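For reference, the chains in residue letters:
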Amino acid sequence: MRRTDVLPVAFVVPRQGPTGIYGPSCLACGQLAVEQLNAANGIAGRPVELVQVDAGRAPEVVAEEVGRLVDSGRVEAVAGWHISAVRIALTRRIGGRVVYAFAAMHEGADDTPGVFMLGERPVNQLLPATHWLREQVGARRWVVVGNDYVYPRVTGSVAREALQGTGSEIVHSAYVPLGTSDFRAVIDRLRTTAADGVIMLLMGQDAVHFNRQFAAGGLSERMLRLSPAIEENTLLGGGAGANHGVYAAAAYFDGLPTVESSEFARQYYARFGAFAPALNAVGESCYEAIRFLARLGEISGSVAVSAGLPTGHFYDSPRGLLRLDGNLVDQDVYLAVADGLEFRVQERIAHLA
């Protein structure tokens, strides 16, 4: 029996599998958010407890575990970063019963009651990044290489359609199962194309393997890589030699030169030390998800599905000023280039209107 004074939240983040590389950053950022909230007013006056659920397993397995937690009343909300295949399985199992703060970048809207989509989406992430790279470095012809599930498939399709008539185009697409480590066939196909770059829609360890093999195959000098999912852990995993010509688009990077980002980094490293898990967009998005629940509780008095925030509601975060648009979040997005094992932010490519 749970204590009625505590607000238990299912914290659904990957701890194994290809996306497990993000796990330590997610856990640290989630812990920081809870410690900060519980040192003040918690959420709606209740201290927060995170109930960890490993999102690195099969989507149906994750959904069933969270479903049992919701069925029993063990948790009253869901938050975290995980792939869209897990999100879809979760909404089928628990949709409309508890508030669900989905932190990851995503392919578009989800109208399930109580679901809030907090991450970046193609219209403010991938598409402006391709436009910037066309104008600045002349990249016009793209190959999509992605994992074979809903987010890469839909995002690749959206990009293909949106780039028509813009001076850029997608000339080929290849999708591989999540958990792929051998990209020889994909690399061989890339050698035969006249593409200027690869749009990488690969997650976690898959992106690490691809980057290593791409660089070892000698393609880094003639083709750049652009990803909405590569972050600091991916750079570390691949090693500096695999990162030449890698660009990433995200709403947050460690070292983002804003007041809000700098203060968040100061708090993070003060809490966990210089050898903390890499601070990155994935981990920070988990912090965002928990703080979003707190904002919901502050404005509405609870985190029930019946609670809500008005469209157009603004709030502050380490990403800067954010605005709720229905159940989506509008935010600034930046393009960065890999410099060894770090990112250097090049420009803000999407502005909060």
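Structure shown above.
Just so it is clear, the structure is predicted and the values come from calculations on it, not from any experiment.

This paragraph deals with empty space enclosed by the protein. Any space left empty among the atoms is revealed by the rolling of a water-sized probe across them. Overall, the coordinates contain three cavities of 30 Å³ or more when judged by the stated rule. For the largest cavity, the calculated volume is near 100 Å³. Surrounding the largest cavity, 15 residues form its lining, Met105, Glu120, Pro228, Ala281 and Val282 being those nearest its centre. With three residues, the top contributor of residues to the lining of the largest cavity is helix 10 (residues 281–300). Taken together, the residues of the lining of the largest cavity sort by class into 10 nonpolar, two polar and three charged. Within this model, the second largest cavity holds a volume of roughly 50 Å³. Surrounding the second largest cavity, Ala103, Leu118, Ser285, Glu288, Tyr315, Arg319, Leu322 and Gln331 form its lining.

With the rule as written, the count across this model stands at 24 salt bridges. In this structure, arginine 319 engages glutamate 120 in a salt bridge whose closest nitrogen and oxygen atoms are separated by 3.6 Å. Here arginine 319, found in the loop between strand 11 (314–317) and strand 12 (320–325), pairs with glutamate 120, found in the loop between strand 5 (115–117) and helix 4 (126–137); they are 199 residues apart in sequence, far enough to count as distant. Of the residues examined, arginine 319 reaches a relative accessible area of 5% and is grouped as buried. The class for glutamate 120 is buried, based on a relative accessible area of 4%. Across the pair aspartate 148 and arginine 153 runs a salt bridge whose closest N-O atoms are separated by 2.9 Å. Taking relative accessible area as the criterion, arginine 153 reaches 41% and is therefore assigned partly exposed. What you see here is one network of salt bridges that share partners, running through Glu64, Arg68, Asp71, Arg93 and Arg97.

In this section: the packing of aromatic side chains. This model, assessed by the stated rule, comprises 12 aromatic pairs. A centroid spacing of 4.6 Å and a plane angle of 55° characterise the contact between phenylalanine 264 and tyrosine 287, whose relative ring orientation is tilted. Residue phenylalanine 264 is found in helix 9 (residues 259–272), and its partner tyrosine 287 is found in helix 10; the two are separated by 23 residues along the sequence. Among the aromatic side chains, those forming a connected cluster through ring pairs are Tyr252, Phe264, Tyr268, Tyr269, Phe272 and Tyr287. The side chain of arginine 87 reaches across the aromatic face of phenylalanine 102, ending 5.2 Å from its centre.

What counts, and where the lines are drawn
- Residues numbered from 1 in each chain as written.
- Predicted model: local features only at pLDDT ≥ 70, side-chain atom pairs only at ≥ 80, totals over all residues.
- Heavy atoms only, no water.
- 1 Å grid on protein atoms, 1.4 Å probe; cavity = no way out; pocket = protein on both sides within 12 Å on 5 of 7 lines; lining within 4 Å.
- Points joined across faces, edges and corners; volume = space filled by probe spheres on them.
- Helix = DSSP H or I, 4+ residues; strand = E, 2+ residues; numbered from the N terminus.
- Nonpolar A, V, L, I, M, F, W, Y, C, P; charged D, E, K, R; others polar.
- Salt bridge = Lys/Arg side-chain N within 4 Å of Asp/Glu carboxyl O.
- Buried < 20%, exposed > 50% of the residue type's maximum accessible area, 1.4 Å probe, protein only.
- Phe/Tyr/Trp six-rings, centres within 6.5 Å; stacked < 30°, edge-to-face > 60°.
- Lys NZ or Arg CZ within 6 Å of the ring centre and 35° of its normal.

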